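Survey of secondary and tertiary structure
If you want the building blocks of each chain, they are given just below.
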Amino acid sequence: MAEQYNSKQVIENSLNSLTLALRGKASSEEKIKKPEKSQISVPYNPHEVEKRIISFWEKEKIYRFDPKKKGKIYSIDTPPPTLSGKMHIGHAYMYSQMDFIARFHRMNNENVFYPFGTDDNGLPTERLIEKLKNVKSKSMKREEFIQLCVKTLKEITPDFIQDWKNAGISCDYDCYYSTIDNNSRKLAQKSFIELYKKGLIYKKGFPTLWCPECQTSVAQAELDDKELPSLFLTLKFRCGDRDLLIATTRPELLGACVAVFVNPKDKRYKSLVGKKAKVPLFNFEVPIIEDESADIEKGTGVLMICSYGDKYDAEAINRHKLNPKIVLNYDGTLKIEGYKGLKIKEARKKILEELKKEDLITEQKSISHAVNVHDKCGTEIEFLPTEQWFIKILDRKKDFIKQGNKIKWHPEFMHKRYDNWVNGLEWDWNISRDRHFGVPIPVWQCEKCKEIIIATEKELPIDPTEVKKKCSKCKSEAKAEEKVLDTWMTSSISPQLASSLVNTKENSKIVLPFSLRPQAHDIIRTWLFYTVVKSLYHENEVPWNNTIISGFVTLGGEKMSKSKGNGVLPQEVIEKYSADAMRFWSAGSKLGEDLDYLENDLVAGKKFENKLWNASNFVFMNLTDYKHSKAKKLEKIDELFLNKLNKLVKSCTEAFENYEYSRAKLETEKFFWNMFCDNYLEIVKKRIYEGKKGKESAQYTLYISLLTILKLISPIMPFITEEIYQQHFKKVEKDKSIHISEWPISTSSLAKAKENSKNAVKTDNKENFKNADKSVNINEFDLFIEILTKIRYEKSKAQKSMKSEIILTITKEDKKKIVELVEDLKDVANAREIKEGKEFKVEFI
């Protein structure tokens, strides 16, 4: 049953619901002191304000998580940005979006756990140190390079983190971890030991993915596909007195050829099976073998098997028990006579010239094809035999799919990317890296009897190269493992790293699943997937209930990146516009969508910022005599406006609850410009200026509506809303910051919450808003605005001032609908008289 209209109830509920629940507010007699003239006349200076507000937030610990506080916890598995220089525009975009959500939940009376970390044990950090210090890690002793990394990180980390603070990211920066600090290394090594003891980790030597540039093994998830130009060559192998034509794009691997495959069904080559083929230029012979992997329809139908061109070569060599010939060094140079020391591309060029000279090429054509490159440096991946550590994942694909189904994906279509990745897995997870700077693998191995020795938990964190161990079986001295863990091995326990900062044995408040994992879509296959794996293996749980996936920042539709030279620095954006303007732009797209960088969007944010400042000053210039007491009678137009505001509160709340911050921003922006500034402020001007009947009602509505609008936009634009709140509202509202004040609640929501609380039933916000605004017909307000818009149009068409006096004629039906609003229409339209007639008409006096 719809709620019955009750004017007195609307007045009371509007005050309480549209911000309010004025906890510890001033008495009804208390007045706001008149703002200083300097406050009103000085234009908004974002750079001065933002710097001051950041200091205020830090000093007052506004965003501190309190583990002793009772109530609902909203926990965020904050992405630790890779410490590889400065914040880039993609960071600013993604972290702003997750911050919108964090700020909403904090104001929604939830205890927000929002830690901050830095990912600084990975290859990007190692490469940054090499660049900054002009060194090469592989040419330095391990301990010297590690000391240099630690020293450099101490120097650059504070400035790096400051970029996040400057962007208004409301993390609890006192709740901080580094993925290379003692606690993180201990937990990462503990994870390794636990999984090893469960039989989920193994060590094996075989051809693995290898980056010659970074000189380390890599995992499947670290591969990108890159379209590159190449030459498709058809070469002359010889079998007796017959040419055997074979196509390849890798002539530099001719020296590594170990066999030639033909399909058993291919009649063309039946007579050659079991014979030998002579490799062009190198002139050694290899067997011709029947194998179904040779595609009759592809090229000449003959397949060259090398060690190793790809994973299929590795499988073929293993299948037929062939002896591999390794021609590549780990640094990407060749090791065979005539080409020693040459990089792959240099050797390819030289071999191609020699093949042409010997007339061994029958066909050559330029092509473009997708090749695997290392996502960290863009170098083409090779397959080289190395001994590495792996976590078993291939036999648990179905379990990972089930875990993914338990998580709510925002947007939902990103879930498909996860499923596709899991279903397409071809390798177990390679977790070891041949680098210096990282979390050491806590094991030793006896070279004599091959016994593996694992560190004890009490020894963690530990660098095995600094500790000698003896084999428990044969008493020989064991060799320390020199490899380090893949950085994702540490990042994949980010929920555990974060929770360890606040949890104690007596009080573990932060547990799996977390409320939220925010991240970009390009690391679904790495960070997101690996965290699901670790959470399942360690705790048999999903890591989070929700995940929000951001898109990329583009320029002209193309992804921004340093390598393309089309990047925009957020530091420069903040300097030119403001942090709030940049966040306003970041709220311009939905989750999962790429957003083009457009200066016009930042200009729009700046204009909104200035208008909010000016409108707030205008309101408070007219509230100097406002007593902050309930209006004895709420004027009809004010009541209708507040109900419009109620609808906005309801819509924005639902939007934030559903992670639709862009909708909340758009609707609040539209309401502020169109309803509040263009219409309501103009409607009440005369009432306030001239002290007419209903002035108190107008002041009351102005105060409530401005505070509500500020709160609704505060997750998007935290700096200017805080500044306005501190100047004009704090003395009455008493909350230390707008960002820890209560989120606005719509009228019917509050009424239902009160009713439910009597019955000790937990309130569901979505249910609260079902019947919102049914008690009051707001169509008359829309009609009022429609008539006012027509009047303004007629004045503009006649090139008259908006203040010009008129006689207005409207239909009898319309006048009847707005009978209680006629005086307000006269005021705002400057109408001497409003007549009834057959049609709308404006007469100028």
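These notes cover the structure that comes with them. (Residues numbered from 1 in each chain as written. Predicted model: local features only at pLDDT ≥ 70, side-chain atom pairs only at ≥ 80, totals over all residues. Heavy atoms only, no water.)

**Structural notes on the side chain of T547**
The following threshold applies: Helix and strand definitions follow DSSP, with helices as H or I runs of at least four residues and strands as E runs of at least two, each counted in order from the N terminus. Each residue is placed in one exposure class: buried if its accessible area under a 1.4 Å probe, protein chains only, is under 20% of its type's maximum, exposed if it is over 50%, and partly exposed if it falls in between.
Summarising the element assignment, T547 is placed in strand β23 (residues 544-550). Accessibility expressed as a relative area gives 0% for T547, which makes it buried.

**With respect to the pattern of salt bridges**
The following threshold applies: Between Lys or Arg on one side and Asp or Glu on the other, a salt bridge is scored when a side-chain nitrogen of the former is within 4 Å of a carboxyl oxygen of the latter.
For the structure on display, the rule yields 55 salt bridges. Taking the shortest distance from any N to any O, the salt bridge between E252 and R348 comes out at 2.9 Å. Of this pair, E252 sits in the loop between β8 (242-248) and β9 (257-262) while R348 sits in helix α9 (residues 344-357); the two residues are 96 residues apart in sequence, bridging distant segments of the chain. Residue E252 is classed as buried on the basis of its relative accessible area of 0%. Measuring nitrogen to oxygen at the nearest pair gives 3.1 Å for the salt bridge that ties E682 to K685. Of the two residues, E682 and K685 both sit in helix α19 (residues 661-689), 3 residues apart, roughly one turn of that helix. The exposure class assigned to E682 is partly exposed, which follows from its relative accessible area of 32%. You can call K685 partly exposed: its relative accessible area is 26%. Each of E222, D375, K376, R433 and D486 takes part in one network of salt bridges that share partners.

**Re the packing of helix α17 (residues 599-621) against helix α21 (residues 718-733)**
Note the following rule: Convention adopted: a line fitted to C-alpha atoms gives each axis, helices being fitted over their contacting stretch, and angles between N-to-C directions are expressed from 0 to 180 degrees. These descriptions rest on fixed angle ranges, namely under 35 degrees for roughly parallel, over 145 for roughly antiparallel, 65 to 115 for roughly perpendicular, and the rest for oblique. In this description, contact between two residues means that some pair of their heavy atoms is separated by no more than 4.5 Å. Classification convention: Asp, Glu, Lys, Arg as charged; Ala, Val, Leu, Ile, Met, Phe, Trp, Tyr, Cys, Pro as nonpolar; all other residues, Gly among them, as polar.
Put simply, α17 and α21 touch, their axes get as near as 11 Å, and they point 10° apart. Classified by the interaxial angle, the pair formed by α17 and α21 is roughly parallel. Contacts between α17 and α21 involve E609, L612, W613, S616, N617 and F620 from the former and I720, T721, E723, I724, Q727, H728 and F729 from the latter. A breakdown of the residues in the contact of α17 with α21 according to their chemical character gives 6 nonpolar, 5 polar and 2 charged.

**A word on the sheet that holds strand β15 (residues 408-410)**
Quick note on the threshold: At least two DSSP bridges between two strands are required for those strands to pair.
Sheet architecture is open: 3 strands sit in the order β15-β23-β22, paired in parallel fashion. Both edges of this open sheet fall to β15 and β22 (514-520), since each of them pairs with a single strand only. Here the strands of the sheet are splayed against their neighbours by 20° on average, with no regard to which way each runs.

**Topic: the side chain of R435**
Rule in force here: Distance and chemistry together define a polar contact, namely a pair of N or O atoms within 3.5 Å, with one atom able to donate a hydrogen and the other to accept it when in protein, and with adjacent residues in sequence counting only for side-chain atoms on both sides.
Locating R435 in the fold gives a position in the loop between β17 (432-433) and β18 (443-445). For R435, the side chain forms a polar contact with the side chain of E126, separated by 3.1 Å. Polar contacts involving the side chain of R435 include one to the main-chain carbonyl oxygen of F437, which spans 2.6 Å. In this structure, R435 is in contact with N121, G122, L123, E126, K138, T216, E482, V484 and L485, ignoring residues within four places of it in sequence.

**Overview of the packing of aromatic side chains**
Here is the rule we go by: The pairing test for Phe, Tyr and Trp rings, Trp by its six-membered ring, is centres within 6.5 Å, and the orientation test on the planes gives stacked under 30 degrees, edge-to-face over 60, and tilted for anything in between.
Per the counting criterion, the structure on display carries 46 aromatic pairs. Residues Y202 and F390 carry aromatic rings whose centres are separated by 5.4 Å and whose planes lie at 20° to one another, so their mutual orientation is stacked. Taken as a pair, Y202 in strand β5 (residues 201-211) and F390 in strand β14 (residues 382-391) lie far apart in primary sequence, 188 residues in all. Y202 sits in the partly exposed class, given a relative accessible area of 22%. For the ring pair F672 and F676, a centre distance of 6.1 Å and an interplane angle of 20° mean the geometry is stacked. Remark: F676 and F672 occur in helix α19; sequence separation between them is 4 residues, near one turn of the helix. What makes F672 buried here is its relative accessible area of 0%.

**Quick notes on unusual backbone geometry**
Cis geometry marks the peptide bond from S307 to Y308, where omega comes out at 0°. Here Y308 is to be found in the loop between β12 (302-306) and α8 (311-319). For K61, which is not glycine, the phi torsion reads 50° and is therefore positive. Relative to the assigned elements, K61 resides in the loop between α3 (46-60) and β1 (73-75). In this structure K61 comes out as partly exposed when scored by relative accessible area, which is 44%.

**Re helix α24 (residues 779-797)**
So the rule is basically this: Under the convention used throughout, the expected extent of a helix is 1.5 Å for every residue step, that is, one less than its residue count.
A rise of 1.5 Å per residue sets the reference length of α24, with its 19 residues, at 27 Å; its end C-alpha atoms lie 27 Å apart and thus fit the reference within 8%. For α24, every residue scored as buried is listed here: E780, F781, L783, F784, I785, I787, L788, I791 and K795. Along its buried surface, α24 packs onto α18 (636-657), α19, β27 (806-811), α25 (812-817), α26 (822-829) and β29 (841-844). Q799 sits one or two residues past α24 and shows a positive phi near 55°.

**A closer look at the sheet that holds strand β25 (residues 558-559)**
Here 3 strands make up an open sheet; going across it, the order is β25-β24-β26 and the pairing mixed. Only two strands of the sheet have a single neighbouring strand rather than two, namely β25 and β26 (595-596). Here strand β24 (residues 553-555) pairs with β26 via 2 bridges, running parallel. Bridge assignment links T554 to a residue of β26, and that residue is D596.

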